[in-house]
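# A closer look at the structure
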Amino acid sequence: MTSATTEKLADLKSIENWAKNKIYILLQSAPISKLENTNVARFRGWKFKWDNAKVRFGCCNYRTKTISLSRELTERNSEGQAKDTVLHEIAHVLAGSNAGHGPLWKEWAVKVGARPEQYYRADEVKPVDAKWVVKDNFTGEIFAEYVRRPKSRDWSKAWIRGRKNETLGRMVLEKV
Ligand SMILES: [Zn+2]
């Protein structure tokens, strides 16, 4: 793996077009036989968007059917890393929300051409300056990022608006 500094930096517009095309090919128009699953509805209707995350590169939201990439991290890292992150998230869609980064996700990651690894090594991704995150203790999903430590509160009793059932009792504050 070459280091990010020697690779071509990502261009936002070309990454966006590339991501939309991959979503179309691998999810929207993929034939049922290729998906190995008769419930194709859950693979249709996915969109791409940019987000403002600072510590996690990509995200797939099963509820809104959105794959998003951090605009800042994309700008600071290589095109190859941005593209790999898109494929990483598409593998999450194909594997389903319960798969995590387990064997099923790994299988799909290989099939769609993503590196079957959960995270980039620290030296390969140039992070931006968030210092604290509130995240899901089990899936690692990041809900909020802070440069300064947020006011003390009991995160185990907190939840995300509209997602109480899936987030209550799972949120933790962590220094990154
Ligand atoms: Zn992942």
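Figured I'd write up the structure that's included with this text. Values in this document were obtained by computation on a predicted structure and should not be read as measured data.

The rules behind the values
Residues numbered from 1 in each chain as written. Predicted model: local features only at pLDDT ≥ 70, side-chain atom pairs only at ≥ 80, totals over all residues. Heavy atoms only, no water. Helix = DSSP H or I, 4+ residues; strand = E, 2+ residues; numbered from the N terminus. Expected span 1.5 Å × (residues − 1). Buried < 20%, exposed > 50% of the residue type's maximum accessible area, 1.4 Å probe, protein only. Core = buried A, V, L, I, M, F, W, Y, C linked by side-chain atoms within 4.5 Å. Contact = heavy atoms within 4.5 Å.

### Brief notes about helix α4 (residues 79–95)
Over its 17 residues, α4 extends 24 Å from the first C-alpha to the last, a length consistent with the 24 Å expected when each residue adds 1.5 Å. Of all 17 residues that make up α4, 15 are buried, and the element is covered over most of its length. Looking one or two residues beyond α4, the residue adopting positive phi is G96, at roughly 90°.

### Comments concerning the nonpolar core
In summary, soluble globular proteins display a tendency toward joint burial of nonpolar side chains. Within the largest apolar cluster, 29 residues are counted, with the highest numbers of intra-cluster contacts made by L27, I67, L69 and I90. Within the residue set of this core, elements represented by two or more residues are α1 (12–28), β1 (47–51), β3 (66–70), α4 and α5 (103–112). A per-element tally of this core places α4 first, with 8 residues. Setting aside residues no more than four positions away along its own chain, I90 makes contact with K22, I23, L26, L27, I67 and V112. V134, F143, W155 and M171 belong to the second-largest nonpolar core, a separate cluster that totals 5 residues.

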